[in-house]
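Letter by letter, the chains look like this.
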Amino acid sequence: MRLAELSERSGVAIATIKYYLREGLLPPGRRVSATTADYDEGHLRRLRLVRAMIQVGQVPVASVRQVLAHVDDESLGRTMRLGAALWALPHGSEQDDGTGAGTGEGGDGEDEATTAARAEVDQLLRTLGWSTARELGELSPVHRSLVAAVATLTRLGYPWDATLMAPYARLMHQVAVRDLDFVETFPSEAEKAETAVAATILFQPVLKALHRLAQEEESARRYGLE
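These figures come from a predicted structure and were not determined experimentally.

Draft legend 1. Inspection of the nonpolar core at higher detail. With 30 residues, the main nonpolar core has Leu6, Met53, Val67 and Val197 as its most contacted residues. Mapped by element, the contributors of at least two residues to this core are helix H1 (3-10), helix H2 (14-22), helix H3 (41-56), helix H4 (61-71), helix H5 (78-87) and helix H10 (189-223). Setting aside residues up to four positions removed in sequence, Met53 forms contacts with Gln58, Val59, Val64, Val67, Leu68, Leu89, Val197 and Ile201. By size, the runner-up hydrophobic cluster in this structure holds 13 residues, among which are Leu124, Val150, Ala151 and Ala162.

Given below as structure tokens:
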């Protein structure tokens with residue numbers, strides 16, 4: 001398809017597509033003349049992913065470029081490819097959790113709540129048998145974000161320990177199984193990685209909304225509508 005058709009099918013303005021091409025977020029089309037190029041379904045799929053990251057996920061262009069570099073890295077195995085792409089997505093501030101205390105890396109800069117939270121997260125991963133997550137530990141931005149969140153809850157008087165977190169974590173594992181079952185329906189490794197990134201950005205608002213709807217429903221069942 002030509003640029004005009006790519007714009008029409010994607011709903012993205014031609015000027016925006018040209019900007020993504022300049023920024024390296026969209027691969028060049030197949031050149032057919034000095035001023036014309038052809039684009040295919042892969043460009044359409046990538047364009048939709050870029051829009052999802054920027055519009056829905058509010059991911060900065062520089063971070064989008066980094067995520068896509070991992071998505072396209074054929075030297076990586078599937079686990080590393082998916083993991084690197086997802087790690088490159090923003091995970092919120094791990095140094096400022098809204099309470100004025102950062103998570104730090106241990107030692108003098110770490111408060112008691114963070115130390116306790118890190119121990120509880122480690123105990124949780126032991127209980128679940130999530131050996132990869134334990135091994136990666138602080139290398140993972142997701143791990144650091146969980147520690148920061150648990151530390152914040154503790155400071156606010158809602159201490160969440162490993163026992164409280166475990167049932168939620170097991171439910172999330174079931175969600176992860178369904179996520180990857182869906183990812184595996186796509187044929188190429190690049191499509192699998194793209195889908196994993198898109199799902200992380202687009203499905204999380206759905207899961208959050210479903211969680212709140214479930215809370216509303218359970219509250220009504222337990223306590224009535226009065």
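There is more to say, and it comes next.
Draft legend 2. Quick peek at the side chain of Thr195. Note that Thr195 resides in helix H10. Once you skip the residues sitting within four places of it in the chain, Thr195 turns out to touch Phe182, Val183 and Phe186.

Draft legend 3. Up close: the pattern of salt bridges. Using the criterion set out here, one finds 15 salt bridges in the structure. The salt bridge involving Arg65 is made with Glu23; its shortest N-O contact spans 2.6 Å. Pair noted here: Arg65 is in helix H4 and Glu23 is in the loop between H2 and strand S1 (30-31), with a separation of 42 residues, a long-range link. Glu23 sits in the partly exposed class, given a relative accessible area of 28%.

Draft legend 4. Representation of the packing of aromatic side chains in the model. Under the counting rule described, the total for this entry stands at four aromatic pairs. An angle of 45 degrees between the planes, with centres 5.1 Å apart, marks the rings of Trp160 and Tyr168 as tilted. Residue Tyr168 is classed as partly exposed on the basis of its relative accessible area of 47%. A centroid spacing of 5.5 Å and a plane angle of 85 degrees characterise the contact between Phe182 and Phe186, whose relative ring orientation is edge-to-face. In this structure Phe182 comes out as partly exposed when scored by relative accessible area, which is 36%. Of the residues examined, Phe186 reaches a relative accessible area of 24% and is grouped as partly exposed.

Draft legend 5. Inspection of H5 at higher detail. Of the residues making up H5, those classed as buried are Arg81, Leu82, Ala84 and Ala85. Seen from one end, H5 has its buried residues packed into an arc of 165 degrees, which puts them on one side. Seen from the open side of H5, the exposed residues pointing more than 90 degrees away from its buried face are Thr79 and Met80. Where the residues of H5 are buried, they touch H4, helix H9 (162-183) and H10.

Cut-offs used in this document
Residues numbered from 1 in each chain as written. Predicted model: local features only at pLDDT ≥ 70, side-chain atom pairs only at ≥ 80, totals over all residues. Heavy atoms only, no water. Core = buried A, V, L, I, M, F, W, Y, C linked by side-chain atoms within 4.5 Å. Buried < 20%, exposed > 50% of the residue type's maximum accessible area, 1.4 Å probe, protein only. Helix = DSSP H or I, 4+ residues; strand = E, 2+ residues; numbered from the N terminus. Contact = heavy atoms within 4.5 Å. Salt bridge = Lys/Arg side-chain N within 4 Å of Asp/Glu carboxyl O. Phe/Tyr/Trp six-rings, centres within 6.5 Å; stacked < 30°, edge-to-face > 60°. Arc of directions from axis to C-beta.

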